[in-house]
Amino acid sequence: MAAASAEPVTAAAEAAPVAVVTPAAAPIVGDNFTDYPLNEASIATANLLSYSKQTIPHYYLTFDVTLDSLIGLRSTLNSTLDEDDQISLNDLLIKASACAMKACPAASWMGDSVRMYDNVDVNVVMGNGDNLYAPVLQNVSSRGVKSISDELSFNLENIEKGTISGQNFAAVGTVTFLNLGMYGVKSCAPIIRAPQAVALALGAAENRVVPKE
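Computed from a prediction, not measured in an experiment: that's the story for all the values here. Every chain's residues receive numbers from 1 upward, in the order its sequence appears when written. Where totals are concerned, whole chains, interfaces and linings use all residues; where local detail is concerned, this predicted model gives features only for residues with pLDDT of at least 70, and gives and counts side-chain atom pairs only at 80 or more. Side-chain figures throughout are based on the complete set of non-hydrogen atoms in the structure, without hydrogens or water.

Caption draft 1: Structural view of a negative patch on the surface. Nonpolar side chains (Val, Leu, Ile, Met, Phe, Trp, Tyr) within 5 Å and like charges within 9 Å form the patches, drawn only from residues with over 30% relative accessible area and no salt bridge. For accessible areas, the Shrake-Rupley method is used with a probe of radius 1.4 Å. Any residue's cover is judged against the shown protein chains and nothing else. Any Lys or Arg side-chain nitrogen located within 4 Å of an Asp or Glu carboxyl oxygen qualifies as a salt bridge. We count Lys and Arg on the positive side and Asp and Glu on the negative side, and we leave His and both chain ends out. To locate a charge, take NZ of a lysine, CZ of an arginine, CG of an aspartate or CD of a glutamate. A cluster of acidic residues, Asp82, Glu83, Asp84 and Asp85, forms a negative patch at the surface. Numbering of helices and strands starts at the N terminus; helices are DSSP runs of H or I of at least 4 residues and strands are runs of E of at least 2. Among the structural elements, Glu83 can be located in the loop between helix H2 (68–78) and helix H3 (89–103). According to the relative accessible area criterion, Glu83 is exposed, its value standing at 71%. For the exposure calls, accessible area comes from a 1.4 Å probe over protein chains only, and a residue counts as buried if that area is under 20% of its type's maximum, exposed if over 50%, partly exposed in between.

Caption draft 2: Broad picture of the pattern of salt bridges. Counted under the stated rule, the structure contains five salt bridges. Asp150 is the salt-bridge partner of Lys146, the closest N and O atoms lying 2.6 Å from each other. Remark: Asp150 and Lys146 occur in helix H4 (residues 145–161); sequence separation between them is four residues, near one turn of the helix. Shared partners join several salt bridges into a network, and the residues in it are Asp64, Glu206 and Arg208.

Caption draft 3: Just unusual backbone geometry, in detail. Following Ala194, the chain continues into Pro195 via a peptide bond in cis, with omega recorded as 5°. By the secondary structure assignment, Pro195 is in the loop between strand E7 (175–179) and strand E8 (199–204). Notably, Asn32 is not glycine yet its phi reads approximately 70°, a positive angle. Relative to the helices and strands, Asn32 is located in the loop between strand E2 (28–29) and strand E3 (34–35). Of note, the phi angle at Asn139 is positive, near 50°, even though the residue is not glycine. Of note, Asn139 is situated in the loop between strand E6 (136–137) and H4.

Caption draft 4: Quick look at the side chain of Asn39. Examined against the element boundaries, Asn39 turns out to sit in the loop between E3 and helix H1 (40–55). Engagement of the side chain of Asn39 in a polar contact is seen with the backbone nitrogen of Ser42, the distance being 2.7 Å. Pairs of N or O atoms are called polar contacts if they sit within 3.5 Å, as long as, within protein, a hydrogen donor faces a hydrogen acceptor (for residues adjacent in sequence, only side-chain-to-side-chain pairs).

Caption draft 5: Summary view of empty space enclosed by the protein. Of the two site types, the cavity is a set of points on a 1 Å grid over the protein atoms alone where a 1.4 Å probe fits but cannot get out, and the pocket is an open set with protein on both sides within 12 Å along at least five of seven lines, each lined by residues with an atom within 4 Å of a point. Grid points are joined across faces, edges and corners, and a volume is the space filled by probe spheres set on the points. In total, this model carries one cavity of 30 Å³ or more according to the counting rule given. What the largest cavity holds in volume is close to 70 Å³. In terms of lining residues, the largest cavity is bounded by Met101, Lys102, Cys104, Pro105, Ser108, Tyr117, Asn119, Val120 and Thr174. When residues are sorted by character, Ala, Val, Leu, Ile, Met, Phe, Trp, Tyr, Cys and Pro go into the nonpolar class, Asp, Glu, Lys and Arg into the charged class, and all the rest, Gly among them, into the polar class. Considering only residue class, the lining of the largest cavity consists of five nonpolar, three polar and one charged.

The structure is reproduced here in structure tokens:
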């Protein structure tokens, strides 16, 4: 059984990338239309997600999360760091998702068995369009938040430069983390990336008036 969780209150996204940067073919102009061919990585991603959606049972859980304590923790941590080295809410949520997977290792499968991993490796969806990738962060549950933040920045820089390389851009971890909060997306129903069993999608953080019980 596979489970995907869509969740408002911090960010959401969509896809499950590959590696290898190959340019797409030139646009094909037709009668009143233009076709823009996809590159090989985008086609491979689409094929993988189509296969996953057809073969993995999906169900979705949505719930709200209060972020006040996490935002307070971010402020405390950033007070000790230089302005260029600040930790983001996204960094903390990736760490939190890894800790959740560590606490529930049975949320994984291998077709006819449940595989429990010793470490939590998180595929983090980054970039957009033809430059959409999900590099894996190794052993996130045992790492410090600053280490996670630094690797995310390094991966994003490589994506923007088009210098994608290394096994981490092709490897499949134990869970996929999706974040589109900066676009105002409130929730997302992600497609699980085989052979994973969980894809965590987060909606945009927002201020709310919450009555006391």
